[in-house]
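For reference, the chains in residue letters:
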Amino acid sequence: MNLNIVWVSIAILFDEGDRYIPEELLMYKINYIVDKVKYLISEYKTGDPFELCDAMGIHIYYKDLGDRIKAFYFYQSRIKNIVINIRENEKIAKLLCSHELGHCVLHGKPTDARAFCDMKIFDYASMAECEANLFAAELMIDDSVIMEILKNGGSVFDAAKILEVPAGIVDFKLRILKNKGYDVKLPNLVNSEFLRNI
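Here is a short report on the structure shown in this document. (Residues numbered from 1 in each chain as written. Predicted model: local features only at pLDDT ≥ 70, side-chain atom pairs only at ≥ 80, totals over all residues. Heavy atoms only, no water.)

1. Structural notes on the overall build of the protein chain
Here is step 1 of the chain: Looking only at helices and strands, the protein chain has 7 helices and 4 strands in total.
Here is step 2 of the chain: Along the protein chain, helices and strands appear, N-terminal first, in the series β-α-α-β-β-β-α-α-α-α-α.
Here is step 3 of the chain: A buried classification covers 49% of the 198 residues belonging to the protein chain. (Helix = DSSP H or I, 4+ residues; strand = E, 2+ residues; numbered from the N terminus. Buried < 20%, exposed > 50% of the residue type's maximum accessible area, 1.4 Å probe, protein only.)

2. Here's the deal with the packing of aromatic side chains
Both the distance between ring centres and the angle between the ring planes are used here to describe each pair of aromatic rings.
Here is step 1 of the chain: Evaluated as defined, the whole model comprises 1 aromatic pair.
Here is step 2 of the chain: Relative to Phe74, the ring of Phe72 has its centre 5.9 Å away and its plane inclined at 35°; by these criteria the two rings are tilted. The pair formed by Phe72 and Phe74 is uniform in burial state, with each residue classed as buried. (Phe/Tyr/Trp six-rings, centres within 6.5 Å; stacked < 30°, edge-to-face > 60°.)

3. A short note on the state of the cysteines
Here is step 1 of the chain: This model, assessed by the stated rule, comprises 0 disulfides.
Here is step 2 of the chain: Of the cysteine sulfurs around Cys53, a residue in no disulfide, the closest is that of Cys97, at 3.9 Å. (Disulfide = S-S within 2.5 Å.)

4. Things to note about the nonpolar core
Here is step 1 of the chain: Of all hydrophobic cores here, the largest spans 43 residues; its most connected members are Leu101, Phe135, Ile169 and Val170.
Here is step 2 of the chain: It is helix H3 (residues 90-107) that provides the largest number of residues to this core, a total of 9 residues. (Core = buried A, V, L, I, M, F, W, Y, C linked by side-chain atoms within 4.5 Å.)

5. Regarding the pattern of salt bridges
Side-chain pairs of opposite charge can arise where the charged atoms are in close proximity.
Here is step 1 of the chain: Taken as a whole, this structure holds 11 salt bridges when the rule is applied.
Here is step 2 of the chain: In this structure, the salt-bridge partner of Arg87 is Asp67, at a minimum N-O distance of 2.3 Å. Linking Arg87 in the loop between strand E4 (79-85) and H3 with Asp67 in the loop between strand E2 (59-63) and strand E3 (71-76), this pair joins segments that are 20 residues apart in sequence.
Here is step 3 of the chain: Its relative accessible area of 60% is what places Asp67 among the exposed residues.
Here is step 4 of the chain: Of the charged contacts, one joins Asp143 and Lys173 as a salt bridge, the two residues approaching to 2.5 Å between their closest N and O atoms. On the criterion of sequence distance, the pair formed by Asp143 in helix H5 (residues 143-151) and Lys173 in helix H7 (residues 167-179) is long-range, its members being 30 residues apart.
Here is step 5 of the chain: Using a relative accessible area of 14% as the deciding quantity, one classes Asp143 as buried. (Salt bridge = Lys/Arg side-chain N within 4 Å of Asp/Glu carboxyl O.)

Any link to function would need more than the numbers given here.
In structure tokens:
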């Protein structure tokens, strides 16, 4: 009998359309995610997703996953693993690692297998994807840095360009900042198509 069970989390495979997740529920989850990121940075003395994975014993692999699949997380034989498409550049690979680390930390053994295809990462297709996006946004973007950009008149798109991240991740970070009490406007840029043109 083969007891080698594999749990896989691969962000969004099916284009199920954008589903609305109530803002109140999202805000409730933000506090937990922010605390989790803060704890990991404090515990492991780094905010770099690759260094966190190394310190936490999470294996990272780079494989050619073709044009559609960007990255995925899976749990096998009590080992957590992240696979990143070798075709992605360093900046996107860091974002993908942060997102998949979010699944790993927040969801442990996911119950569904979904592919991270066509970069449909920053939409509201599921609560698990929202949580992973919030985790990545909190891990990758420092509050003071983005607030300085916005205070100096920068837009969400300016912030994305300066920080070298997609505008969608900035949108998620603004939701976190709003929840923390910052006076920010939420642009609601989240859709499933914006990363196709990076």
